[in-house]
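Structure at a glance
The residues making up each chain are set out below.
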Amino acid sequence: MTPSPEEPRPNARPAPAALTQPTLDQLRAEAMQWGRRPRALGTWYVAEHMVRAMRAYGWTIVVGALGQPILYLLGLAVGLAALIDAPITQNGVEVSYLVFVAPALLMTAAISVASEEFSYPVMAGFKWRRYFFGFSATGLSPGQIAGGVVAGASARMVVVVVAYYAFLWLFQAVPDPQTGWLTIPIGLLGGLAFGIPYMAYTASITDDKGQVALVQRFIFMPMFLFSGTFYPLDTLPLWLQWIGWVSPLWHATELGRVATYGLPIDPFAIVVHLGYLLVLSAGGYLLARRMFQRRLGE
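Now for a look at the structure at hand. (Residues numbered from 1 in each chain as written. Predicted model: local features only at pLDDT ≥ 70, side-chain atom pairs only at ≥ 80, totals over all residues. Heavy atoms only, no water.)

To continue, consider the nonpolar core. Phe118, Val122, Phe132, Ile145, Leu168, Met199 and Phe292 are the most contacted members of the largest nonpolar core, which totals 72 residues. Tallying contributions element by element places helix H3 (residues 97-117) first for this core, with 14 residues. Of all hydrophobic cores here, the second largest spans five residues; its members include Leu233, Leu236, Ile243 and Trp250. (Core = buried A, V, L, I, M, F, W, Y, C linked by side-chain atoms within 4.5 Å. Buried < 20%, exposed > 50% of the residue type's maximum accessible area, 1.4 Å probe, protein only. Helix = DSSP H or I, 4+ residues; strand = E, 2+ residues; numbered from the N terminus.)

So, in structure tokens, the structure goes:
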């Protein structure tokens, strides 16, 4: 007996539902929804990329963060400090040579990291690997890309200055640990005060002709040697002291000495040191954003 046309067949499949194509407004709304997350968290996405890229030279970071303070402090505590019996006197306070030079070494380590992370990685993003242009092709703005580079470099600087401070404490180079830990944020600020303007300069380089090497030789090294790192700045002749006055290393080091052993200093001078480092960081970031916008076509 055959079923009537009105009766459904036992094995018959249901008719497929009609497919509805989304409208243009629906597609646009979906695209905007997917784009809001990169716009909201774009800086941290770029920072994550920069940190993950550091895995390519991760052992260099680890060895530098641990080995450099050990070698410097051993060389100073066991070597040079053993030859310098007289304490260092600055602003009427006498401290051992190791205690005097320790904050400067921590600040130098932070600035050294900044000189690495804000130079060749930035040039790679624009010229060699060009991943900044890939970031810009998504929902990320040039300001977020620049901010991500700063955040990624800051992460490495924090690791270095924390490790350095730990070794300073182990070598008893921090007479006042209650305030000595402030050298960690001071070191980060000093590194940013040097690194962010350096990033702005690196972002402006379109043809690599050894500019980074020139900065290392004729800016970083004189700053390291003539910024009151190994002796008080006022012991230098006046025509050399200006290097320390314009150097973020000297300003950060003076703040570090106030934190580690209570270097007597006028409160207004503390404001000047902090203000100078903040102005360099903020002004450098504004300039860096403009350079990123110019290079990325926005």
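As a further point, take the packing of aromatic side chains. All chains considered together, the criterion is met by 11 aromatic pairs. Both rings, one in Phe126 and one in Phe132, keep their centres 4.9 Å apart while their planes meet at 75°; by these two values the pair is edge-to-face. Judged by its relative accessible area of 0%, Phe132 is buried. With centroids separated by 5.3 Å and ring planes inclined at 75°, the aromatic side chains of Phe224 and Phe230 adopt a geometry described as edge-to-face. Here Phe224 falls in the buried class, since its relative accessible area comes to 9%. (Phe/Tyr/Trp six-rings, centres within 6.5 Å; stacked < 30°, edge-to-face > 60°.)

In this section: the packing of helix H11 (residues 248-261) against helix H12 (residues 267-296). Between H11 and H12, whose axes approach to 9 Å, the crossing angle comes to 135°. Classified by the interaxial angle, the pair formed by H11 and H12 is oblique. Between H11 and H12 the crossing geometry is left-handed. Taking contact as the criterion, the partners of Pro248, Trp250, His251, Ala252, Glu254, Leu255 and Val258 in H11 are, on H12, Ile270, His273, Leu274, Tyr276, Leu277 and Leu280. Counted by class, the contact of H11 with H12 contains 10 nonpolar, two polar and one charged residues. (Axes fitted to C-alpha atoms, helices over the stretch in contact; angles between N-to-C directions. Parallel < 35°, antiparallel > 145°, perpendicular 65-115°, else oblique. Left-handed = near helix turned anticlockwise from the far one by under 90°. Contact = heavy atoms within 4.5 Å. Nonpolar A, V, L, I, M, F, W, Y, C, P; charged D, E, K, R; others polar.)

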